[in-house]
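Structural overview
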Amino acid sequence: MFDRPLDEEQATEILRLVWPDVVQPLSHISAYLDDAQIAHVYRQLGATLAAIHHIEQSAYGYLTTRILDPEPDNTAYMTRQFAKKLAEFEELGGDSALHAAICAYVAKRIHLFRRRAAPALCHNDFHEGNILVQQDAGNWTVTGFVDVENAVAADPLLDLAKTDYYAIRGNRVKRAALEQGYGPLPDDWSERSTLYRLYHALELWDWFASLGETTPLPGIADDIRGLI
């Protein structure tokens, strides 16, 4: 049928045109959506995250069939996680001045971790590549999500911050719709979210560096500098 293999972008476009009602990742079709369609989908994402976050947990930590290395409160959990990721950043050759700046920024804001009293179930990788959608009567409907291996018991704002850092990237339409679908947020959510986005950027830098993938590192380092 085709005289040469299709690349991923070409295959995605054909799938979108020929089988518009097939379930597929949001990342495959989001570039083709207008602002109204994007807002419609992101309101659903916000509502889905809110439903997930209503499932309370007994302690803070990484989730499998149980909470591994549980911590009693958010301060203990997040200070442990930041210390771990900062140590990895240093070991993997991260910029020493940036390392010091991150340490100073977090140290001045540790009190923000205490603002969350109870842990909740968090997907912890809720971005467009992990969201499944299907076209229904001209609208795109969220049908589910995948990749739950990063799930944690944590502050729900940690989850929202990862969606913000990985998927929203400053897009006002996406952010406004996500917040609308999610519902009321704490008064200090913006400050806490910035701290959590810093954590996710640091974690992503460490992950790429551990794989020897150096191309994304300068951009992520710039993200970190912009957050602090």
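Each remark here, short or long, concerns the structure printed above.
Residues numbered from 1 in each chain as written. Predicted model: local features only at pLDDT ≥ 70, side-chain atom pairs only at ≥ 80, totals over all residues. Heavy atoms only, no water.

What follows covers the overall build of the protein chain. When you go through the protein chain residue by residue, the secondary structure sums to eight helices and seven strands. Its C-alpha atoms give the protein chain a radius of gyration of 19 Å, near enough to 17 Å, the size a compact globule of 228 residues would have. The dimensions of the protein chain, computed from C-alpha atoms along their principal axes, are 55 × 40 × 35 Å. The proportion of buried residues among the 228 residues of the protein chain is 43%. For the protein chain, the exposed surface amounts to about 11,700 Å²; the carbon and sulfur share of it is 53%. (Helix = DSSP H or I, 4+ residues; strand = E, 2+ residues; numbered from the N terminus. Rg over C-alpha atoms; globule rule 2.2 N^0.38 Å. Buried < 20%, exposed > 50% of the residue type's maximum accessible area, 1.4 Å probe, protein only. Areas by Shrake-Rupley, 256 points an atom, 1.4 Å probe, with all protein chains shown as cover.)

Let us look at helix α5 (residues 156-168). Between its first and last C-alpha atoms α5 spans 17 Å; for 13 residues at 1.5 Å apiece the expected length is 18 Å, and the two agree. Here α5 lies mainly inside the structure; 12 of its 13 residues are buried. Residues of α5 that are buried: P156, L157, L158, D159, L160, A161, K162, T163, D164, Y165, A167 and I168. One or two positions beyond α5, positive phi appears at R169, with a value near 50°. (Expected span 1.5 Å × (residues − 1).)

Right, let's talk about the packing of aromatic side chains for a bit. Under the defined criterion, the tally for this structure stands at eight aromatic pairs. Judged by centre distance (5.8 Å) and plane angle (65°), the ring pair of F126 and F145 falls under edge-to-face. Within this pair, whereas F126 is found in the loop between β4 (120-122) and β5 (131-136), its partner F145 is found in strand β6 (residues 139-145), the two being separated by 19 residues in sequence. When its relative accessible area of 2% is taken as the criterion, F126 is described as buried. Members of the aromatic cluster, each reached through a chain of ring pairs, are F82, F113, Y196 and Y199. Positioned over the ring face of Y105 is R109, at 3.6 Å from the centre of the ring. (Phe/Tyr/Trp six-rings, centres within 6.5 Å; stacked < 30°, edge-to-face > 60°. Lys NZ or Arg CZ within 6 Å of the ring centre and 35° of its normal.)

Counting 55 residues, the largest nonpolar core has L26, Y42, L45, M78, F82, I102 and L198 as its most contacted members. No other element matches the nine residues that helix α7 (residues 189-210) contributes to this core. Listed in part, the five residues of the second largest apolar core include A59, L63, I67 and A153. (Core = buried A, V, L, I, M, F, W, Y, C linked by side-chain atoms within 4.5 Å.)

Moving on to the sheet that holds β5. A sheet is described by the order of its strands in space; here three strands give the open sequence β1-β5-β6, paired in antiparallel fashion. A single partner strand is all that each edge strand has here, and the edge strands are β1 (24-25) and β6. Alignment of β1 against β5, held across two bridges, turns out to be antiparallel. Residue pairing in the sheet places Q24 in a bridge with V133 of β5. Each of β5 and β6 is contacted by helix α2 (residues 35-53), which is oriented at about 25° to β6, the strand it contacts most. (Pairing = 2+ DSSP bridges. Contact = heavy atoms within 4.5 Å. Axes fitted to C-alpha atoms, helices over the stretch in contact; angles between N-to-C directions.)

With that settled, consider the side chain of T75. With respect to the secondary-structure elements, T75 resides in helix α3 (residues 74-91). According to the relative accessible area criterion, T75 is buried, its value standing at 18%.

All right, on to the environment of D95 then. Tracing the backbone through its elements, the reader meets D95 in the loop between α3 and α4 (96-107). On the basis of relative accessible area, D95 is assigned to the partly exposed category, the value being 39%. Residue contacts for D95: discarding those within four places in its chain leaves F89 and R225. At a separation of 3.2 Å, a polar atom in the side chain of D95 contacts the main-chain amide nitrogen of A97. (Polar contact = N/O pair within 3.5 Å; in protein donor to acceptor, adjacent residues only side chain to side chain.)

No statement about biological role is implied by the geometric values presented.
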